[in-house]
Amino acid sequence: MTRPATQASGAVGGTILGEDMDVDAGRIAANGAGRAAAGATWGIAKKSGWLAVLFLLSLAALVSMLAGMAPSAAAGIETGKPLAIAVLVSSDRTACFVPGRVAAIRHFATRRAAEINRRGGIDGHRLELVFLDDFESEERLKVNVASALADERLIGMVGLADSTRGKAVVDDIARSGVPFISEISRGDIYAAHPTIFSLVPSIRDEVGVVRRLMADRGATRPVFVGFAGNLYVSEYARQLAEPGEGPGLAAIHLLPERPDYVLDQAAADQAIAAIRQSGADFVLLALNSGPGAQFARKLAEAGLTVPVFVVLGRIGRIDRAMGATPYPGAMLELAREGVPNAYNERLMRRIWAERDGTWIFNDSRSQTAPAACKDEPDTRLITDVQDDANRRAIGRGVQYADMIEMIATAAIAKGTAVDLAELRRAIAGDLAGYRAERRIFHGWWQDWAFTAGRSLSDAMLVAERRAPGAAITLAARQYAFGATGLRPLPVMSISVDMIRIFKVDSNERTFYADFYLSFRDDAGLDISDIEFTNAVRSEVSRDALVSFHRIDAAPGSNGGLKLYKVAGKFYFEPDLGDYPFDEQRFSLSFQPSDASHPFLVQPPPAELGRRSFDTDGWRPLSRYVGADQDVITALGSDVAEERLIQLYKYNATWVMARISTDYALRVVLPLIVILLVTYLSVFIPEDRLESVVAIQVTALLSAIALYLAIPKVDNDEATVSDKIFVACYGIITLTLALSILRARYHGVGRMRTATLAGLAQLVLVPLLTLMLAGYVAVTAMGHGEGAGLASAWLGQ
């Protein structure tokens, strides 16, 4: 009986009560149920214990994992936290207008940060810029720097172009460990701080060039004139007065500096008298452009015509300030914006490619303008991209953008798995790795690298205005820094006079050109020293398909001038998006044929070039000469070592518009006829559907056949010509669909649909056709915004 009872008890949870169960069986079942309940309770407790143990083990593992992760989380930068770069700018608080360069700096810096963020930011962290304007106030600068350094997101700082104010904050910036790319010329101010760099040459490098220049010009008694209290001026004079290569200073005249930049007349007269009495044969002028013009006028009035080297200021501004009586002697300066009369080719290509970029920066009314400015306009408009002030604004803005990307590139390479202090050290270390012969940062403006003293490593070109009214050009003697110090750099004055451009092949991307090439061989250079880098080469011999012969009748009779007639086949880089209403750049690119013997090219002013020449299907618009650098990677002193060689290159470029008359006659006019016939067919009665469809289908096929028959250009994207045909296909197809819709519902009780379709044919189709015609007309007249901007840049 036990086993059945046990068996019965095993049925608990299935059928609890049987219909024929007696009392004994009920008791037995009850006892079995109690034992079963107890067993179930124990089972639950046992399972709960295992679950508790598992829970505790899991909790311990989780705590251990979190503990292991805690140091990394503490060391790394918080996920999603933005990182910041401070941008220091300076507006003149006392001026009526904020210079366009401030707007340009904000524009290009913000744009570059946005591009970095579109590429993923810095290891997933968004880059933000903090603009701080000190209004040329040292106290305001201190406050701005303190505010920036208190930002826990800060990974770098850029800007600050004044050594006097910079000295007040470099120590604080250095203590913070924040990498700082400045524009401070006083290298001694930041020499002890490995995290501070300068994107301008140091005074020591400038002084080395000036010393060599004075020695080569035979100066024996140079004098220095500048403002007292300016750290840049005082250090410049001190280093010039030190013993070294070249003549020492015969005298230093430091004049009182006034806040209104007006020369102290009494002090200036005393300096002029001393200069005249001392027999000075060279004057170094560090007074800025306005006061410098006043001092130069006093020199001329005193009968002095000694060469003047402008340390602070610009020759062009000084000449304009002096008006009709410019300084009669030669004036020199450092060509800080590159070769005179040559445009920044790298920037010109970017302007051309962007088409719709912002490239004009007007001077705007200052918020802190004095009351005397109340009658001035809110904006001082600049209408020409070529305007000197606008070009300087673009240059400064693009340089600031390059600074920002240098810091961001270093931060991206390091990553943010480290703490902020380590990231800052890594960025500074990466910046120090940019050295002229080892590693270069390719910027929008130029290639950037630093010297051992962390100032800009760059050739310092000397520009000269030889006589009143003469153009500012490179001086005959230039100097480049090499492994053994300064070495001479020849200058070749070259002029390219185009005769004709013909056989332009947009698919092969080639053109033929005949032109005159003239240059002076003051440095003993010849045409064999020039290599046309974009010349087409023979597939057999690999020689350039360029021929030339000398045509000046009496060599040497023209004061060293050499004249050649050159013919050749060259490559160009077409932008065919606006074809056949496009404008293209046709360039003759040339550089020294021997990389170990570089030279500089000085082009003539743009107004001296030939305005018109023969073309085949093109109309000349403008011309310019652009300068850039090639960076060549070569072996160093060891096989495992690389050495970078920078080689100047130049482009003589002509901007030309394609003449589209042939396209209009062969394509546009036939398409107009096809669209007109298509539209007229809609007036045929609905019961003649076969005739209507036949006409419209024939029109569609005619448009397709015309497209297949015309010559086309090889382009990755649709051209204007392609878009015209696609639009025609769409208009004809729409007309055909509406015709079928009208016939389908005509006379079947849905006249409203047929009427609407007919109305659409009468109104919508001609409207779309007019829109297409307007698009073609605007494109044909516009000839491409990029080239139009290039033409505006050239003022032509």
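Residues numbered from 1 in each chain as written. Predicted model: local features only at pLDDT ≥ 70, side-chain atom pairs only at ≥ 80, totals over all residues. Heavy atoms only, no water.

A. Spatial organisation of the pairing of strand E9 (residues 282–286). Among the 5 residues that make up E9, 5 are buried, leaving the element largely enclosed by the rest of the structure. Pairing geometry for strand E7 (residues 222–227) and E9, over 5 bridges, is parallel. Looking at E9, one finds that Val223 is bridged to Val283. Pairing between E9 and strand E10 (residues 308–312): 4 bridges, direction parallel. (Buried < 20%, exposed > 50% of the residue type's maximum accessible area, 1.4 Å probe, protein only. Helix = DSSP H or I, 4+ residues; strand = E, 2+ residues; numbered from the N terminus. Pairing = 2+ DSSP bridges.)

B. Region of the structure containing the packing of aromatic side chains. Overall, the coordinates contain 26 aromatic pairs when judged by the stated rule. Considering the side-chain rings of Phe511 and Phe572, the 6.1 Å spacing of their centres and the 75° angle between planes classify their relative orientation as edge-to-face. Within this pair, whereas Phe511 is found in strand E22 (residues 510–520), its partner Phe572 is found in the loop between strand E25 (561–571) and strand E26 (583–592), the two being separated by 61 residues in sequence. Arranged with centres 5.2 Å apart and planes meeting at 80°, the rings of Phe586 and Trp618 form a pair that is edge-to-face. You can see Phe586 sitting in strand E26 and its partner Trp618 sitting in strand E29 (residues 618–635), a full 32 residues away along the chain. Take Phe586 and Trp618: they sit in the same class, and that class is buried. In textbook terms, an aromatic cluster arises when at least three aromatic residues are bridged by ring pairs, as seen for Phe511, Phe515, Phe532, Phe570, Phe572, Phe586, Phe590, Trp618 and Tyr650. Seen from the ring of Tyr434, Arg439 lies directly overhead, with NZ or CZ sitting 4.0 Å from the centre. Its guanidinium or amino end placed over the ring of Trp352, Arg585 lies 5.9 Å from that ring's centre, counting from NZ or CZ. (Phe/Tyr/Trp six-rings, centres within 6.5 Å; stacked < 30°, edge-to-face > 60°. Lys NZ or Arg CZ within 6 Å of the ring centre and 35° of its normal.)

C. The nonpolar core, seen in detail. Within the largest apolar cluster, 48 residues are counted, with the highest numbers of intra-cluster contacts made by Phe108, Ile155, Val158 and Ile404. For this core, the secondary structure elements donating two or more residues are strand E1 (83–89), helix H3 (100–118), strand E3 (127–133), strand E4 (154–159), helix H13 (345–354), helix H14 (388–414) and helix H15 (420–432). Discounting chain neighbours no more than four positions away, the residues touching Ile404 are Ile85, Val87, Ala109, Ile116, Leu127, Leu129 and Val158. (Core = buried A, V, L, I, M, F, W, Y, C linked by side-chain atoms within 4.5 Å. Contact = heavy atoms within 4.5 Å.)

D. Just the side chain of Gln239, in detail. Along the chain, Gln239 falls in helix H9 (residues 231–241). What Gln239 contacts, discounting residues up to four positions off in sequence, is Ile203, Arg204, Val207 and Arg211.

E. Spatial organisation of the environment of Phe502. Residue placement: Phe502 occurs in strand E21 (residues 491–505). Phe502 sits in the buried class, given a relative accessible area of 14%. Taking the C-alpha atoms as reference points, Phe502 and Ala513, separated by 11 residues in sequence, lie 6.4 Å from one another. Other than its neighbours up to four places away in sequence, Phe502 contacts Phe511, Tyr512, Ala513, Asp514 and Asp616.

F. How the structure looks around the packing of helix H10 (residues 265–278) against helix H11 (residues 289–301). Contact geometry of H10 with H11 gives a least axis separation of 10 Å together with a crossing angle of 45°. With respect to their mutual orientation, H10 and H11 come out oblique. The way H10 lies across H11 gives a crossing that is right-handed. Residue-level inspection shows Gln265, Ala268, Asp269, Ala271, Ile272 and Ile275 of H10 in contact with H11, the latter providing Gln294, Phe295, Lys298 and Leu299. (Axes fitted to C-alpha atoms, helices over the stretch in contact; angles between N-to-C directions. Parallel < 35°, antiparallel > 145°, perpendicular 65-115°, else oblique. Left-handed = near helix turned anticlockwise from the far one by under 90°.)

G. Representation of the packing of H11 against helix H12 (residues 315–322) in the model. Running from N to C, H11 and H12 point in directions that differ by 60°, and their axes come no closer than 8 Å. Judged on the interaxial angle alone, H12 and H11 are oblique. Every pair of crossing elements has a handedness; the one defined by H11 and H12 is right-handed. Along its contact with H11, which presents Ser289, Ala293, Ala296 and Arg297, the element H12 presents Arg317, Ile318, Ala321 and Met322.

H. Summary view of the sheet that holds strand E18 (residues 472–474). The strand order E8-E7-E9-E10-E11-E17-E18 describes an open sheet built from 7 strands, whose pairing is mixed. The open sheet is flanked by strand E8 (251–255) and E18, the only strands paired with a single partner. Here the average twist between neighbouring strands, direction ignored, is 25°. Across 3 bridges, the pairing between E10 and strand E11 (residues 331–334) is parallel. Paired with Val308 across the bridge in E11 is Met331. Along the sheet, helix H8 (residues 203–216) makes contact with E7, E9, E10, E11 and strand E17 (462–465), crossing E9 at roughly 155°. Running at roughly 165° to E7, H9 makes contact with E7, E8, E9 and E10 of the sheet.

I. Region of the structure containing the sheet that holds strand E13 (residues 363–365). With antiparallel pairing, 3 strands are arranged side by side in an open sheet as E2-E13-E14. Across the chains shown, the open sheet's two edge strands, defined by having one partner strand only, are strand E2 (97–98) and strand E14 (379–380). Judged from the 2 bridges that link them, E2 and E13 form a sheet pairing that is antiparallel. Bridge assignment links Val98 to a residue of E13, and that residue is Ser364.

J. Fine view of the pattern of salt bridges. Going through the model one piece at a time under the given rule, you end up with 38 salt bridges. With a closest N to O distance of 3.9 Å, Lys414 and Glu422 form a salt bridge. Through salt bridges that share partners, Arg186, Asp188, Glu235, Arg238 and Glu242 make up one connected network. (Salt bridge = Lys/Arg side-chain N within 4 Å of Asp/Glu carboxyl O.)

K. Fine view of a nonpolar patch on the surface. A cluster of nonpolar side chains, contributed by Leu676, Leu680, Phe683, Leu756, Leu759, Leu762 and Val763, occupies part of the molecular surface with about 680 Å² of accessible area. Among the secondary structure elements, those contributing two or more residues to the nonpolar patch are helix H16 (661–680) and helix H19 (751–782). Among the elements that take part in the nonpolar patch, H19 stands out by supplying 4 residues, more than any other. Along the chain, the position of Leu676 falls in helix H16. With relative accessibility at 48%, the residue Leu676 sits in the partly exposed group. (Patch = residues over 30% accessible without salt bridge, like charges linked within 9 Å, V, L, I, M, F, W, Y side chains within 5 Å. Areas by Shrake-Rupley, 256 points an atom, 1.4 Å probe, with all protein chains shown as cover.)

L. Seen up close, the pairing of E22. The buried fraction of E22 is high, at 8 of 11 residues. Note that E21 and E22 share 9 bridges and pair antiparallel. Bridging across to E22, Asp505 finds its partner in Thr510. The antiparallel pairing of E21 with E22 creates a hairpin that spans 4 residues between the two strands, and Arg509 there sits at a positive phi of about 60°. Here 11 bridges tie E22 to E25, and the two strands are oriented antiparallel to one another. Directly across from Leu517, in E25, lies its bridge partner Tyr564.

M. Representation of the confidence of the model for the protein chain within the structure. Mean pLDDT over the protein chain stands at 82; residues scoring 70 or higher make up 82%. Within the model, the stretch residues 61–74 combines pLDDT values under 50 with 0 contacts to residues more than four positions away or in other chains. Residue range residues 784–796 is modelled with pLDDT below 50. Its contacts to residues more than four positions away, or to other chains, number 45 contacts. (pLDDT = per-residue confidence, 0-100.)

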